[in-house]
Amino acid sequence: MSNVKIEASWKEALSDEFSKPYFTAMANFLRKEKQNGKAIYPPGSLIFNAFDTTPFEKVKVVILGQDPYHNPGEAMGLSFSVPKGVRVPPSLKNIYKELYGDLNVAPPQHGDLTQWAEQGVFLLNAMLTVEHKKAGSHKKIGWQEFTNAVINKLSEDREHLVFMLWGNFAKAKKELIDETKHLVLTSAHPSPLAGKAFFDNHHFSKANSYLEEHEVGKIEWKLD
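Residues numbered from 1 in each chain as written. Predicted model: local features only at pLDDT ≥ 70, side-chain atom pairs only at ≥ 80, totals over all residues. Heavy atoms only, no water.

One open sheet accounts for four strands, arranged 3-2-5-6; its pairing is parallel. Of all the strands in the sheet, the pair left with one neighbour each is strand 3 (121-125) and strand 6 (183-187). Taken pair by pair, the neighbouring strands of this sheet meet at an average axis angle of 20 degrees, ignoring direction. Inspection of the sheet shows strand 2 (residues 61-65) paired to strand 3 by five bridges, in the parallel sense. Opposite Leu64, over in strand 3, you have Leu124 as the bridge partner. Sheet contacts for helix 7 (residues 143-157): strand 2, strand 3 and strand 5 (162-166); angle to strand 3, the most-contacted strand, approximately 155 degrees. (Pairing = 2+ DSSP bridges. Helix = DSSP H or I, 4+ residues; strand = E, 2+ residues; numbered from the N terminus. Axes fitted to C-alpha atoms, helices over the stretch in contact; angles between N-to-C directions. Contact = heavy atoms within 4.5 Å.)

Next comes the structure, spelled out in structure tokens:
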């Protein structure tokens, strides 16, 4: 599908996927849903925001989420992130708490993670769209085939990336990653439903140590 609007390096890296029948079927499904008046998040221009903000060769860290927030005005195409002015979601609050405990980084007053994405933190959701108020509603329309291919491509074509897999859903993607070339960090999900199991994983400091060890350049996790 030559009409897919996505950052140039990703468009080249994923060109095979855009021409596959499943992707065409998924695009047609989303088009029909919108024509039928369904509210789909994020807005069309932000579906590939993670890709547009973090080009293929700039990726250093991958933080994998499940699907976008399903309330109006929250989803912005970056996993765990919400626009400034939107209430910080509970999982992101816990991410900030871990960041403070790990690196003494004070939590910002907003939930916009664009600064991370601009530095090479690829904030990928396994599903890139969702229907209004229906979590997981687009789990089976083809996005997982697409994002599995994305993870696979990063694993094969890049070196010394850090993959943060939080929760059982994300951990299942471990089989797509070559651990001889990359660092895979796993833990419980940051959701309050996991209790305190997410805390003290030190993923942020471990990621920076690994990146510096391989002369990639660390991430400045502090958000303005």
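Another point: the pattern of salt bridges. Evaluated as defined, the whole model comprises five salt bridges. Notably, a salt bridge pairs Glu131 with Lys134, separated by 3.5 Å at the nearest N-O pair. The class for Lys134 is partly exposed, based on a relative accessible area of 44%. Lys153 is the salt-bridge partner of Asp157, the closest N and O atoms lying 3.1 Å from each other. With a gap of four residues between them, Asp157 and Lys153 both fall in helix 7, about one helical turn apart. Of the residues examined, Asp157 reaches a relative accessible area of 41% and is grouped as partly exposed. (Salt bridge = Lys/Arg side-chain N within 4 Å of Asp/Glu carboxyl O. Buried < 20%, exposed > 50% of the residue type's maximum accessible area, 1.4 Å probe, protein only.)

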